[in-house]
Amino acid sequence: MMSISNNSFAAIAAMFSLLLIFSSMQCHAQLSSTFYDRTCPNALNTIRTSVRQAVSRERRMAASLIRLHFHDCFVQGCDASILLDETPTIVSEKTALPNLGSVRGYGIIEDAKRELEETCPGIVSCADILAVAARDASTLVGGPSWAVKLGRRDPTTASHTLADTDLPGPFDPLNRLISSFACKGLSTRDMVALSGAHSIGQAQCFLFRDRIYGNGTDIDAGFASTRRRQCPKEDQNGNLAPLDLVTPNQLDNNYFKNLRQRKGLLQSDQVLLSGGSTNDIVSEYSNSPRAFASDFAAAMIRMGDISPLTGQNGIIRTVCGSLN
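How each quantity is defined
- Throughout this description, residue numbers start from 1 for each chain and increase along the sequence as written.
- Given that the model is predicted, a residue must reach a pLDDT of at least 70 before its local features are reported, and side-chain atom pairs must reach 80 or more before they are shown or counted; all residues, however, enter totals for whole chains, interfaces and linings.
- Where side-chain values are given, they derive from all heavy atoms of the structure, hydrogens and water being excluded.
- UniProt positions are given in the numbering used here, feature names are shortened, and annotations may be inferred rather than shown by experiment.
- Each residue's exposure class comes from its accessible area (1.4 Å probe, protein chains only) as a fraction of the maximum for that residue type: buried when under 20%, exposed when over 50%, partly exposed otherwise.
- What counts as a helix is a DSSP run of H or I of at least four residues, what counts as a strand is a run of E of at least two, and both are numbered from the N terminus.
- By definition in these notes, contact holds between two residues if any of their heavy atoms fall within 4.5 Å.
- In this scheme, a helix's expected span is set at 1.5 Å multiplied by one less than its residue total.
- Polar contacts here mean pairs of N or O atoms no more than 3.5 Å apart (in protein, one a potential hydrogen donor and the other a potential acceptor; neighbouring residues in sequence count only if both atoms are side-chain atoms).

For the chain, an unreviewed UniProt entry supplies the name Peroxidase and the organism Nicotiana attenuata. According to the UniProt record, the Catalytic activity (unreviewed entry) comment for the chain is "2 a phenolic donor + H2O2 = 2 a phenolic radical donor + 2 H2O".

Structural data, given as structure tokens:
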């Protein structure tokens, strides 16, 4: 049996460590904000144009695009699996309970994809379009910008089951919200910052009916009375109400000010200020627009890092709703 000297063993161990480091660097280097600079240099402008046109037509679409990215990333990672339509071999995430009848913006992503396929066929993934669209939506309604890391690829599968189980819900208690985000590698601070996206957008009546009729101590009586006008005790489940009455079309820190006044629309909003570990973060963001904007941008970047398909994994779908 051949013997290995201590020096040789040390050299082999050092080489192995370098290979591990290099492999790790390669993995992390696969997503880059400059990924399309050479292969499709106008990609970001093309996406931004589609998003700008959509938001100019309907301001609420900004919230929908951010939410679409979020609902994608929490199921199988940020891979655009949420965009796949139902087929004999695919059970679409679109029909899962958290998405059905509420998630919007699919057509905006398809519009951008169609434009990109004309100028850079087979280059830009639907997953990257979705990530960029969320960033552009934020900036178009006064929210922060950030450098989107690119290079994701698209899957050939979706998971209706995970869409039903992995997405945080509007009735979740604080500990469940924290654990849902932790399972995706996101901190409690990330969770609170990302919840600030509820500074824009609207919610359906059935999602907050129990809260406004429950006479709880965690809701302002005048606020509850106002919301009852458009949300009766029965029927009209789809009636919409802005998540933030004060600046409903502006991505700002007013959401956190609302929580301090017991004016969070959803139970999962108000629970962030319920005497738990998130109280101090809510207070900080309500006092500092800059802190919220900075942390929201950082959290969106981290969310975009959830389990992307890169390299030889996945495909580049020609149409985001179907397989090639």
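Moving on from the model shown.
**Points about helix α9 (residues 205-213)**
Buried within α9 we find Cys-205, Phe-208, Arg-209, Arg-211 and Ile-212. Where α9 is buried, its residues meet β1 (202-204), α10 (221-228), β2 (240-242) and α12 (267-270). Where α9 terminates, the next one or two residues include Asn-215, which has phi positive at roughly 55°.

**Quick notes on the UniProt feature "site: Transition state stabilizer" (unreviewed entry) in the chain**
The UniProt entry lists Arg-67 under the feature "site: Transition state stabilizer" (unreviewed entry), expressed in the numbering used here. Considering the arrangement of structural elements, one finds Arg-67 in helix α3 (residues 61-73). Beyond its immediate sequence surroundings of up to four residues, Arg-67 is in contact with Pro-98, Ser-102 and Val-103.

**Re helix α5 (residues 126-140)**
With 15 residues, α5 ought to run about 21 Å at 1.5 Å a step, and its terminal C-alpha atoms sit 21 Å apart, in line with that. Burial of α5 is extensive: 14 of the 15 residues sit out of reach of the surface. Residue Gly-142 follows α5 closely and has a positive phi angle near 85°.

**Regarding the environment of Asp-218**
Tracing the sequence through the fold places Asp-218 in the loop between α9 and α10. Taking relative accessible area as the criterion, Asp-218 reaches 28% and is therefore assigned partly exposed. Between the C-alpha atom of Asp-218 and that of Leu-259, which follows or precedes it by 41 residues, the distance is 9.3 Å. Dropping the residues within four chain positions of it, Asp-218 is found in contact with Arg-211, Arg-262, Gln-267 and Gln-270. At 3.2 Å, the side chain of Asp-218 forms a polar contact with the side chain of Gln-267.

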